[in-house]
Each structure stands twice: as C-alpha cells, then as structure tokens.
Amino acid sequence: MTESLIWVNEDGINPEHKMFRDYPDAPRVYIFDVSYLQQWRISHHRLQFIYESLLEIPHISIYKGETVAVLDSLLQEYNVREVITTATPNHIITGWQDEILKQADLVTYPQIYPVQDSSSPRRFARYWRQSDRFWLTP
Amino acid sequence: MQQLKTDFTSREDMAAYIQQEFPFLESPGGLSPYLGGRKAGLARLEEFKIEQYGKERNFLNGEVSRLSPYISRGCLELEEVRQWALQHPLSKSVESFVSELAWRGFFHLVYQEEGTGILADLEPPKVSLGKHQITLPEDIARGETGLPSMDTLIGMLRETGYLHNHARMYLASYVVHFRKVSWRSGADWMYALLIDGDFASNHLSWQWVASTFSNKPYIFNRENLERYGGAVLPGDPRQGDPFDASYEALAERLFGGEYRPEPRRSSGNYQ
Ligand SMILES: Cc1cc2nc3c(=O)[nH]c(=O)nc-3n(C[C@H](O)[C@H](O)[C@H](O)COP(=O)(O)OP(=O)(O)OC[C@H]3O[C@@H](n4cnc5c(N)ncnc54)[C@H](O)[C@@H]3O)c2cc1C
C-alpha cells in the first residue's frame, strides 16, 4: 500500500531529487493550476518548458484543474494522508501548501543554500560582504 | 479534474496539445529554443565557458550561462551549480558568477521575509513614481514602440521566454522611467513571459530599477546601449532618440532634479 503522494511544484522539477529516492513507491503528480495560469497570464513557453521538464520524471501523472481540489481528490483516491513536496518562497505555492496541511501531513524538502540566514540586510552589497566566504567555499 | 497526456511524438505535437488544452495562454507561435528538463540543463552547464563570464557578462552577446530557466524551475539546484562553479580554479570570473547566484539567494531571502509584501513598494521611491500609468501600454506589450532597440528586446522576450540580464534592466528602465508606467505592471508582464519567471528575482529587480528597493533609479543612455548591446540591437532613429543624452541631462529630463547622478557612472552592474 502507498502511504504518501509526491506533489511536484513548478519551482522544483528535478527527476533526481532526493524525495523520489526516499519515497520510491509514492505516486508522483503535478497539477497545472488553471486559475493561476489565467490570473498571471503565464505564457505558452513557460508552460511547455514545465511540461517538457515533467516528462523526465518516470511515471508522473499530470493534471489540469484547481490545485487544492485536485490534490484533495487524489488523497482520497490513493487513500493517503501524507504529501511530499519541495520548499519554495513562492507565495502562491505556499498558499496551496497551507491549504493541503488542513487535510494531510506535509513533508517539505528545503532548498539548499550555503548560508542559512534569518534576516536579510536589504542591500546586496551588504549581504555579499557578510556571506561571500560561505558562498565561495565549496 | 482532468489527467493530461504524457506521450508526444515531438515538441510541436506537445505545443499543439497545450494550445488545445490551454487556449487562453499567450503564444507567439513557434517553439522556444529552451528545451525543458534536467538533461538539457546539464548539457547547457557543460557548454558554459565560466572563465569568459567575468569580462563578458554585461554584453548582450557575451558569455552568460542561460541557466535561469533550469534553475528557476528547479531542474538544476542552485547549490549544485555553485558547486560546479567552485570546481574551477577560483578567479575573478568564477567569483563573479557565484556572486550572481548569490543575488538569487539574496532575493529569495527578502521574499521569504516579506511574502506578498514584495508585490508593493518596499521603500519610498527616490524619485516621484506616484503618477505612473498602472496599465501597460499596448505598444509595449506588442513590441511596437517604434524604437527598434526596445522592440527587438520585447520580441526576444516573447519569442524565446528568456532575456539577458542587461536586456531586462534596459527594458524595465524604459518601461518605468522613460514611459512612466508603474513598476508593478511591468513586473507582472515580464513575470508572465519569462520561462524563469520568479517573483523574488523579477519583482525585486523591477523595484531595484524603480528605486523602491535601491538608493537610486536605474537609467541608461545611448552610449551604454551601444556599448553593451550594439552587436545585437538595431540602431534607433536619431531624431527624437529618448536615450541620446548624458546621464545628467537624462536625469534632469526624467526626474526634474529629484535625482542627480554622479558624474561617472559605472556600467550596467547592480550595486
Ligand atoms: C527586470 C529584471 C527581471 C528579472 N526577472 C527574473 C526572473 O523572473 N527570474 C530569474 O531567475 N531572474 C530574473 N532576473 C535576474 C537575471 O536577469 C536573470 O537571472 C539572468 O539574466 C538569467 O540569465 P543567465 O542564466 O544567463 O544568468 P547568469 O548571468 O549566467 O547567472 C547565473 C544564474 O545566477 C542567477 N542570477 C544571475 N543574475 C541574477 C540576478 N540579477 N538576480 C537574481 N538571480 C540572478 C540566475 O539563477 C542565473 O541563472 C531579472 C532581472 C531583471 C533586471
């Protein structure tokens, strides 16, 4: 029985991502959110690039609809209560993640940065002075 | 909820299917040269000549990685690109490239902190922006401004879904400061068309150009455009050329003395 569902978002389309190895049996899904595409007038080129990228993920199922509603149906269909995904600061995606959390557990793989800052110094020159050595160290 | 096809015979076949399923999408016809996927991203990384980057990155025909679609969509992780860069002997060029990757980290940090706050002015503007038009003029959207240089950049953006960093800066400055359009309208428009569209890097860069996330407005003149873009862009008519002036004269015309540039300005570098 599968216990988790991998939900790929547009900021994390990497077939070699660790989450696919950690959850090898989990179904993998992507949802093209029609309201988002329409509201932000996303171009054909962006959508095609995402689509082409998704096709490198074996056994991916791609849906069209409203993200949260589709995920809700899939949670029921697969009878799972855990959603696996990747972190992004994108407020639209984090908004969906917050909604999903009402229905299921959410495991979010963090983005990796050489510095884990808690607050930004508001000017890049200052940021770079504070953190260049971390960025420039392998 | 509808499940979409995953078997296609070609990119053209996929494009036609997308058109049928998402008829509302803005489409210039034709395919973008940017093929999606991690494999294509890795191939591009392989071709990128990082040692030329430092000297050439500001030129529209200079060596830049063109990895942003792959990084923004997550096909390549920022961290793996950084590690790849640091495998090269550390030079000014490698350092310059890594510092550009850090711009992305910096913008994401601000976005993480501000959330949707980045969609509005983060700071008071340093020049008046209050009367700016809030809808993007049609001639800009269509790439029919009558200025061959700007129309070429808009055409590249629409036809490929990518623009060089300096080109994005020129276009944003043209829209906000020369055409007096609100940065938010310009940012939303560019976000929609870019394959690498990313609220942090895009909207905060527009704010940087506008001066609501920087200490001064970003403007360019004819000399700068010719120097960095001359090999790629067609010339503009000399009569009524909006860019043909010194920075001092341009600032006076555009901002009426609210902002006075220092006598010698650097190139198109962020500061
Ligand atoms: C008005 C405007 C809008 C922009 N919108 C976006 C956007 O929506 N998405 C986006 O990814 N970048 C955006 N940028 C930043 C930058 O222009 C692009 O990341 C860069 O041009 C991509 O080309 P490249 O991959 O060849 O960059 P390279 O110069 O080869 O740099 C390597 C990588 O570093 C990162 N990077 C480089 N420069 C910047 C920068 N100034 N800010 C943030 N990250 C940077 C990108 O991930 C890029 O792929 C914008 C810049 C401006 C001025």
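Residues numbered from 1 in each chain as written. Chains lettered and ligands numbered in written order. Predicted model: local features only at pLDDT ≥ 70, side-chain atom pairs only at ≥ 80, totals over all residues. Heavy atoms only, no water.

Chain B goes by Deoxyribodipyrimidine photo-lyase in an unreviewed UniProt entry, where it is assigned to Planktothricoides sp. SpSt-374. On record in UniProt, under Sequence similarities (unreviewed entry), the comment for chain B is "Belongs to the DNA photolyase family." (UniProt positions renumbered as here; feature names shortened; annotations may be inferred.)

Colleague: What am I meant to see in the nonpolar core here?
Modeller: Across soluble globular proteins, nonpolar side chains have a tendency to be buried as a group. In this structure, Val8, Phe32, Tyr51, Leu54 and Trp135 of chain A together with Met150 and Trp189 of chain B are the most contacted members of the largest nonpolar core, which totals 135 residues. Sort the elements by how many residues they give to this core and helix 6 (residues 92-114) of chain B lands first, with eleven residues. Mapped onto the domain boundaries, this core takes at least three residues apiece from domain 1 (33-117) and domain 2 (138-258) of chain B. Among residues more than four places away in sequence, those in contact with valine 8 of chain A are Ile13, Met19, Phe20, Val29, Tyr30, Leu54, Ile57 and Ile60 of chain A. (Core = buried A, V, L, I, M, F, W, Y, C linked by side-chain atoms within 4.5 Å. Buried < 20%, exposed > 50% of the residue type's maximum accessible area, 1.4 Å probe, protein only. Helix = DSSP H or I, 4+ residues; strand = E, 2+ residues; numbered from the N terminus. Domains from an automatic or database assignment. Contact = heavy atoms within 4.5 Å.)

Colleague: Where do I start with the interface of chain A and chain B in this structure?
Modeller: The extent of an interface is frequently quoted as the accessible surface area lost upon association of the parts. If you look at the interface, chain A gives 61 residues, while chain B gives 77 residues. Counting each side, the surface lost to burial between chain A and chain B is near 6100 Å², with a carbon and sulfur contribution of 62%. When the area that chain A buries against chain B is broken down by residue, the three leading residues are His45, Phe49 and Lys64 of chain A, summing to 13%. The interface formed by chain A and chain B holds eight salt bridges in total. Note that arginine 11 of chain B is salt-bridged to glutamate 52 of chain A, the shortest N-O span being 2.7 Å. For the pair chain A and chain B, the number of links is 34 residue pairs in polar contact (both at pLDDT 80 or more). (Buried area = accessible area lost by both parts, 1.4 Å probe. Salt bridge = Lys/Arg side-chain N within 4 Å of Asp/Glu carboxyl O. Polar contact = N/O pair within 3.5 Å; in protein donor to acceptor, adjacent residues only side chain to side chain.)

Colleague: What am I meant to see in the site of the ligand here?
Modeller: All names here are of chain B. In the vicinity of the ligand lie 30 residues, with Tyr53, Ser65, Arg66, Tyr162 and Asn165 positioned nearest. Within the backbone of arginine 66, an N or O atom sits 2.6 Å from an oxygen atom of the ligand. In the environment of the ligand, a nitrogen atom lies 3.1 Å from a nitrogen or oxygen atom belonging to the side chain of glutamate 100. Listing elements by their share of the shell around the ligand, those giving two or more residues are helix 4 (68-72), helix 6, helix 9 (165-178) and helix 11 (199-210). Residues that form the shell around the ligand fall into these classes: 16 nonpolar, eight polar and six charged. Built from parts of two domains, the shell around the ligand gets at least three residues from each of domain 1 (33-117) and domain 2 (138-258). (Near = heavy atom within 4 Å. Nonpolar A, V, L, I, M, F, W, Y, C, P; charged D, E, K, R; others polar.)

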